[in-house]
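Structural characterization, general
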Amino acid sequence: MTRAAIFALLLGTPAFGSEDIPDQYPQSVLYSKPVEVIPHVFSAIGATAPPTYENAGHNNNLSFIVTGDGVIVVNSGASFKLAQALHDEIRAVTDQPVKLVIVENGQGHAMLGNGYWAGQGVPILAHVEAAAEFEDGSAQDLASLHRYARENAEGTVIALPTETFAEAKTITMGDVTLQVMHLGPAHSPGDTQVWIPAWGMMIAGDIAFHERMPPIFEGTCTACWIETWDSALMPLNPTYVIPGHGHPTNLAQVTRYTRDYLVDLRSKIGAHLEDGGDLAGAYYVDQSRWQHLDTFEELATKNAGVVFAEMEFE
């Protein structure tokens, strides 16, 4: 990918993501080859579709930072093979060893590759809540991986993070000082952001979406997510944002498609509740403003139902 193309992505151009593209890197189990987003920060951009055999479960972003004295990986990936493939790409870029893996949440696509990195002797860092969520759901995540990924699930074992943090952790490695942060409640328990202040770079994880619709889980507090966005993310004002899913972009773009989507959906559900509407009717609130986003068909009605349940007794 050319520098011009990367620059267009960072300006927020949304046209590059499509859940209809089955694979952008056929010679690798990775969905796409890592690109250098800014100097020393690379990301292998996952599919904006649900996990499938065709994308081998690489439907989130797998990033790494070349520090001058080692490499920091963000997300271990959805399987042993994806982690191994990312490591192959890292070795093609630098001979610096991987010294740390940071995982952005407790979902399988962030942590099921832990076993590969643990086998390499690399520490794996997670938020305490994300580690607990993975421990509770990892067997189900692994079973799901075997169902859709088939032979691409081979070698994957459950391995828990080796280190945890509760609020924030500052790491200096080589020429880079970064902050591993849990800004507050957002998409899922223990959502983690990697912030490099000197470069204006935020590897945001699943607090931020723009090319695909944000999934809202049962138990997600959307009011809290908005509050976290306004009070903790916005003041940092990152120049560059690598979201959990979709191409690198900027703060305005992820604000439009994450915070503004949540505000809009809550407004629609709130009006529906004021009119005496029930759960069945909540599924049909107007979300047409967002229908161009990938995974709209899979998620829009589910999101409406979850937000109705959240707001019914607020």
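Use the structure listed above.
1. So, the pairing of strand β5 (residues 98-102)
- By the criterion of burial, β5 is predominantly enclosed, with 4 of the 5 residues buried.
- Note that strand β4 (residues 71-74) and β5 share 4 bridges and pair parallel. Bridged to Val-71 within β5 is Val-98.
- Handedness of the β4-helix α2 (residues 80-93)-β5 crossover: right-handed.
- Alignment of β5 against strand β6 (residues 124-127), held across 2 bridges, turns out to be parallel. Counted as the bridge partner of Val-101 is Ile-124 from β6.

2. Quick notes on the environment of Ser-79
- With respect to the helices and strands, the residue Ser-79 is situated in the loop between β4 and α2.
- In this structure the C-alpha to C-alpha distance between Ser-79 and Met-111, which are 32 residues apart in sequence, comes to 8.0 Å.
- When near neighbours in sequence (up to four residues on either side) are disregarded, Ser-79 contacts Leu-112, Gly-113, Leu-145, Asn-152 and Thr-156.
- Looking at Ser-79, its side chain comes within polar contact range of the main-chain nitrogen of Leu-82, at 3.1 Å.

3. Observations concerning the side chain of His-187
- By the element assignment, His-187 lies in the loop between β9 (176-181) and β10 (193-196).
- A distance of 3.4 Å separates the side chain of His-187 from the side chain of Ser-188, its partner in a polar contact.
- Residues in contact with His-187, not counting those within four places in the same chain, are Gln-107, Asp-206, Phe-209, Pro-215, Phe-217, Thr-220 and Trp-225.

4. Observations concerning the sheet that holds β9
- Strands sit in the order β8-β9-β10-β11-β12 across an open sheet of 5 strands; the sheet is mixed. Strands at the two margins of the open sheet, each flanked by one partner only, are β8 (168-173) and β12 (240-243). Strand after strand, the sheet turns through a mean of 20° between neighbouring axes, direction not considered.
- Where β9 lies against β10, 3 bridges are found, and the strand directions are antiparallel. Following the sheet pairing, Gln-179 is matched in β10 by Trp-195.

What counts, and where the lines are drawn
- Residues numbered from 1 in each chain as written.
- Predicted model: local features only at pLDDT ≥ 70, side-chain atom pairs only at ≥ 80, totals over all residues.
- Heavy atoms only, no water.
- Buried < 20%, exposed > 50% of the residue type's maximum accessible area, 1.4 Å probe, protein only.
- Helix = DSSP H or I, 4+ residues; strand = E, 2+ residues; numbered from the N terminus.
- Pairing = 2+ DSSP bridges.
- Right-handed = clockwise from strand over helix to strand, strands pointing away.
- Contact = heavy atoms within 4.5 Å.
- Polar contact = N/O pair within 3.5 Å; in protein donor to acceptor, adjacent residues only side chain to side chain.
- Axes fitted to C-alpha atoms, helices over the stretch in contact; angles between N-to-C directions.

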